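An overview of the molecular structure
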Amino acid sequence: MENQVNQSPAIPKWSALLIEAVTKPGLIMKAYSAFHSYSVGNQILALVQCQMRGLQPGPINTFPKWKDLGRFVKRGERALTLCMPITCKRREDNSDEEHTFTSFVYKARWFTLSQTDGQELEPITIPEWDAERALAALSIERVPFDHPDGNIQGFAKQRQVAINPLAQLPFKTLFHELGHVILGHTTEADFADTERTPKNLREVEAEAVALLCCEALNLEGATYCRRYIQNWLCPSIGYKGDAIPEKGAQKIFHAADQILKAGRLAVE
Ligand SMILES: [Zn+2]
């Protein structure tokens, strides 16, 4: 599967949204609590647009969906833009094989609660996130931690993860190891992570997944992840000044989405 991006110039890139998330503590938490049923990338997109226009972040729906809910979009309100994946099919020349690929389009179709009026909304509760439910839904097995080195916080191999029962930040480590599996790293190598994350792109990717998940769910570890990623992003203090490539940023958001969705009860 291949991803293609139709980027409109007014819409920030994934890598730019990721930098927003890294440099602004609390942003993801705020975005998740207002827009949890959308993908993490869209949550940030929606929040940034609300902030730019001075709108109160809250539930968002399309014009017809608001109508179904007994509310109407106020006169003169401009829709918010979100990114929608669309599945396309392509037939190769001289072959019967059909390839599907995902493309992304940006559409201005959504309005937040404060842009609408009408019937009171039922209070919205965010479904709880459960680690065991997430593991089962992702077909990832938690195996006992049997590494002889006590500095190892957790490890990932193939579709298995293990977390040291004495890990300093157990949720952060779990998300980091899940990140390695979902990002496809464990098909290339096994990962054993000490309390000091080494500086390479795969580690930055796994750590960014951990940051998005920790912060969305308000679990301890986001500060550690943020410091590590900022170090990587900032050439003056970092070991290596490479920014996270656009494709990598897109993968990171997708992996965090999968983890967050997998752990929630399917009520949406
Ligand atoms: Zn790692």
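Here the structure is shown first, and the text comes after it.
So, a few notes on the structure that sits alongside this text. On a predicted model such as this, the values are computed, not experimentally measured, just so you know.

On to the coordination of the zinc ion, then. With distances of 2.0 to 2.6 Å, the protein atoms coordinating the zinc ion are His 176 (NE2), His 180 (NE2), Asp 193 (OD), Asp 193 (OD) and Glu 203 (OE). All donor residues of the zinc ion come from one chain, and their arrangement in sequence is H-x3-H-x12-D-x9-E. A residue pair is termed long-range when its members are at least 10 positions apart, and His 180 in helix 6 (residues 170-182) and Asp 193 in strand 10 (residues 191-194) qualify at 13 residues. With relative accessibility at 0%, the residue His 180 sits in the buried group. Overall, Asp 193 belongs to the buried group, its relative accessible area being 5%.

What follows is about the nonpolar core. By size, the foremost hydrophobic cluster in this structure holds 67 residues, and its most contacted members are Leu 212, Ile 229, Ile 244 and Ile 259. Counting residues per element, this core draws most heavily on helix 7 (residues 201-216), at 9 residues. If near-sequence neighbours (up to four positions away) are discounted, Ile 229 is found in contact with Val 22, Val 204, Glu 207, Ala 208, Leu 211 and Ile 244.

For Lys 172, the location among the structural elements is in helix 6. Here the side chain of Lys 172 touches Glu 207 through a polar contact of 2.9 Å, side chain to side chain.

On to the packing of helix 2 (residues 27-35) against helix 3 (residues 40-53), then. For the pair helix 2 and helix 3, interaxial distance at closest approach is 9 Å and the crossing angle is 100°. With respect to helix 3, the element helix 2 is oriented roughly perpendicular. Every residue of helix 3 that contacts helix 2 at Leu 27, Ile 28, Lys 30, Ala 31, Tyr 32 and Phe 35 is listed here: Val 40, Gln 43, Ile 44, Ala 46, Leu 47, Cys 50 and Gln 51. In the contact of helix 2 with helix 3, the residues fall into 10 nonpolar, 2 polar and 1 charged.

Conventions adopted
Residues numbered from 1 in each chain as written. Predicted model: local features only at pLDDT ≥ 70, side-chain atom pairs only at ≥ 80, totals over all residues. Heavy atoms only, no water. Donors = N, O, S within 2.8 Å, 3.2 Å for Na, K, Ca; no water. Helix = DSSP H or I, 4+ residues; strand = E, 2+ residues; numbered from the N terminus. Buried < 20%, exposed > 50% of the residue type's maximum accessible area, 1.4 Å probe, protein only. Core = buried A, V, L, I, M, F, W, Y, C linked by side-chain atoms within 4.5 Å. Contact = heavy atoms within 4.5 Å. Polar contact = N/O pair within 3.5 Å; in protein donor to acceptor, adjacent residues only side chain to side chain. Axes fitted to C-alpha atoms, helices over the stretch in contact; angles between N-to-C directions. Parallel < 35°, antiparallel > 145°, perpendicular 65-115°, else oblique. Nonpolar A, V, L, I, M, F, W, Y, C, P; charged D, E, K, R; others polar.

What is shown is where atoms sit, not what they do.
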